[in-house]
Amino acid sequence: MGGWYWIGVSVGLGTGAGVLMAGFAPRVVAIAAAIAAAAGVGIGFALDAWQPGGLGDVIGGAGGGVAGALGAAVIVRGALRRGGTRGGTALLIAGAAVVAAALAWIPIVGFVEALALPALAVRLRRRAPERYAGLRTLAK
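Structure report, in brief. (Residues numbered from 1 in each chain as written. Predicted model: local features only at pLDDT ≥ 70, side-chain atom pairs only at ≥ 80, totals over all residues. Heavy atoms only, no water.)

Secondary structure assignment for the protein yields five helices and zero strands. Principal-axis analysis of the C-alpha atoms places the extent of the protein at approximately 70 × 25 × 20 Å. Going through the 140 residues of the protein one by one, you find that 39% of them count as buried. The contacts in the protein between residues at least 6 apart in sequence include a share of 79% that link residues at least 24 apart. For the protein, the accessible area works out to roughly 8,000 Å², and carbon and sulfur atoms hold 71% of it. (Helix = DSSP H or I, 4+ residues; strand = E, 2+ residues; numbered from the N terminus. Buried < 20%, exposed > 50% of the residue type's maximum accessible area, 1.4 Å probe, protein only. Contact = heavy atoms within 4.5 Å. Areas by Shrake-Rupley, 256 points an atom, 1.4 Å probe, with all protein chains shown as cover.)

Here it is, written out as structure tokens:
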């Protein structure tokens, strides 16, 4: 496999790390993204020491971590806002992170994950219903 494959694996594994961090720290997105970027850098260095990819592995892992954290944070906050428990949501998101990391080993899928998660987050954010008073307005 060429260097692009290993960069894609690094991006996908970084995305999985970002999803995991967003599941454990949904309220502090900046900290989750920073920790995910650091994990992605570590993944990139580990893959670079094992297979060719160079600096692209490191940058890709960090970028994937940030993209995963930012994309999954919107989903996690929405689940918590709609009544999901913290523990249950974190457990489901951890499972999704494992699946994302496993899918990273398929060629090109790591890149697709890093692009699709933030795009999904933007779409979900646009489709979020506006807050309204509902029946509380009738109580006045």
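A full pass over the atoms with the stated rule returns four aromatic pairs. With centroids separated by 4.8 Å and ring planes inclined at 80 degrees, the aromatic side chains of Tyr-5 and Trp-6 adopt a geometry described as edge-to-face. This pair shows no difference in class: Tyr-5 is buried, exactly as Trp-6 is. (Phe/Tyr/Trp six-rings, centres within 6.5 Å; stacked < 30°, edge-to-face > 60°.)

Okay, the environment of Gly-23 next. For Gly-23, the location among the structural elements is in helix 1 (residues 3-24). Residue classification places Gly-23 among the buried positions, given a relative accessible area of 8%. Linking Gly-23 and Ala-94, residues 71 residues apart in sequence, is a C-alpha distance of 6.7 Å. Once you skip the residues sitting within four places of it in the chain, Gly-23 turns out to touch Val-76, Ala-90 and Ile-93.

On to the nonpolar core, then. Val-19, Ala-22, Val-29, Ala-72, Ala-73, Val-76, Leu-80, Ile-93, Ala-97 and Leu-117 together form the largest nonpolar core, which totals ten residues. If one sorts the elements of this core by residue count, helix 3 (residues 55-81) sits on top with four residues. Listed in part, the six residues of the second largest apolar core include Trp-6, Val-9, Leu-13 and Ala-104. (Core = buried A, V, L, I, M, F, W, Y, C linked by side-chain atoms within 4.5 Å.)

Turning to helix 3, a few remarks are in order. Over its 27 residues, helix 3 extends 39 Å from the first C-alpha to the last, a length consistent with the 39 Å expected when each residue adds 1.5 Å. The sharpest bend along helix 3 reaches about 25 degrees and sits at Ala-73. Following helix 3 by one or two positions, Gly-83 has its phi on the positive side, about 110 degrees. (Expected span 1.5 Å × (residues − 1). Bend = angle between axes of the 7 residues up to and from the residue.)

On to the packing of helix 1 against helix 3, then. At a closest axis distance of 6 Å, the pairing of helix 1 and helix 3 adopts a crossing angle of 35 degrees. The two elements helix 1 and helix 3 cross, and the hand of that crossing is right-handed. Contact residues: helix 1 offers Trp-6, Ile-7, Ser-10, Val-11, Gly-14, Thr-15, Gly-18, Val-19, Ala-22 and Gly-23, while helix 3 offers Gly-56, Asp-57, Gly-60, Gly-61, Gly-64, Gly-65, Gly-68, Ala-69, Ala-72, Ala-73 and Val-76. Considering only residue class, the contact of helix 1 with helix 3 consists of nine nonpolar, eleven polar and one charged. (Axes fitted to C-alpha atoms, helices over the stretch in contact; angles between N-to-C directions. Left-handed = near helix turned anticlockwise from the far one by under 90°. Nonpolar A, V, L, I, M, F, W, Y, C, P; charged D, E, K, R; others polar.)

The values are spatial; any link to function lies outside them.
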